[in-house]
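# Observations on the model geometry
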Amino acid sequence: MTRRAQFYWRFFGKPVGRTGRIGSRLMVRINRRNYAAMAAALDLRPDDEVLDVGCGSAVLLASHAGEARYVAGLDASDLQLEVARRRLADRLAAGTAELVKGDVAALPWPDGRFSVVTSMFCLKFVPDPLKALEEMHRVLRPGGRAVVAACDALHDEKASGSVDAWGQWRWSAADARLLMEKAGFTDVTASVLGSPASQAVRGVREI
Ligand SMILES: C[S@@+](CC[C@H](N)C(=O)[O-])C[C@H]1O[C@@H](n2cnc3c(N)ncnc32)[C@H](O)[C@@H]1O
């Protein structure tokens, strides 16, 4: 990994230390519109049970998933989870939320546990994005839906499917859709979402 990528990772990939604290706060500011756009795409209902993979400091769950019956977040960063616990304190105390430290490649829930699975800008940092999507598909119940903000919008199609100098995966909309289908999702659609523009994919787990 290049020095640039290592630096970027400490900010956003898996926030750690002083740099990570700054990164954690920065991403909340930068992604304000993306959280709202993701929430609109999720179209949550009162009986939904939602998992956010790579939940970070849990802005999406705390500020945009209030109507869902149950919310769960998983992240690999202690620093992010510490902030997430404060954000979701009321729901954690009420028993309608859980936060887990873990890896997207091995989600600690049984098959079909959630009606909605989402993930924002986590996949672009994981070694095996397909495995991550397969895990998301596994924990989704039949008929459940997934919305994934996969990576920043790609302007050079030739770079699709590769890791850039910042150490993050980039996919074209078509390739992001293919990846989602390969993981087992159906009715997959891809769109550009929010600001800054990002590649998002939505799919369902077949009934
Ligand atoms: C760019 S941040 C996005 C956080 C959050 N989704 C948001 O939009 O505010 C990426 C997050 O993915 C987490 N992450 C990276 N690799 C992971 C992995 N293998 N398993 C679980 N979480 C991971 C990081 O710790 C970080 O919090």
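So, a few notes on the structure that sits alongside this text. (Residues numbered from 1 in each chain as written. Predicted model: local features only at pLDDT ≥ 70, side-chain atom pairs only at ≥ 80, totals over all residues. Heavy atoms only, no water.)

### Quick notes on the site of the ligand
Near the ligand you find 22 residues, and of these Gly13, Tyr35, Gly54, Asp75 and Met120 are the closest. In the model, an oxygen atom of the ligand is placed 3.0 Å from a nitrogen or oxygen of the glutamine 80 side chain. When the free accessible area of the ligand is taken as 600 Å², the share hidden by the protein chains comes to 95%. Its atoms largely coinciding with the cavity grid, the ligand occupies the largest pocket. Where the shell around the ligand is concerned, the elements lending two or more residues are helix H1 (3-13) and strand S2 (70-75). Looking at the shell around the ligand residue by residue, the class counts come to 13 nonpolar, six polar and three charged. (Near = heavy atom within 4 Å. Polar contact = N/O pair within 3.5 Å; in protein donor to acceptor, adjacent residues only side chain to side chain. Areas by Shrake-Rupley, 256 points an atom, 1.4 Å probe, with all protein chains shown as cover. 1 Å grid on protein atoms, 1.4 Å probe; cavity = no way out; pocket = protein on both sides within 12 Å on 5 of 7 lines; lining within 4 Å. Sits in = over half its atoms within 2 Å of the grid points. Helix = DSSP H or I, 4+ residues; strand = E, 2+ residues; numbered from the N terminus. Nonpolar A, V, L, I, M, F, W, Y, C, P; charged D, E, K, R; others polar.)

### Some words on empty space enclosed by the protein
Scanning all chains against the criterion turns up one cavity of 30 Å³ or more. Its boundaries defined by the atoms lining it, the largest cavity holds a volume of some 30 Å³. Forming the boundary of the largest cavity are Leu123, Leu133, Val148, Ala150, Trp171, Ala176, Leu179 and Val201. (Points joined across faces, edges and corners; volume = space filled by probe spheres on them.)

### Some remarks on helix H5 (residues 78-87)
Within the span of H5, buried status applies to Leu79, Gln80, Leu81, Val83 and Ala84. For H5, the elements touching its buried residues are helix H2 (17-30), S2 and strand S3 (97-101). (Buried < 20%, exposed > 50% of the residue type's maximum accessible area, 1.4 Å probe, protein only. Contact = heavy atoms within 4.5 Å.)

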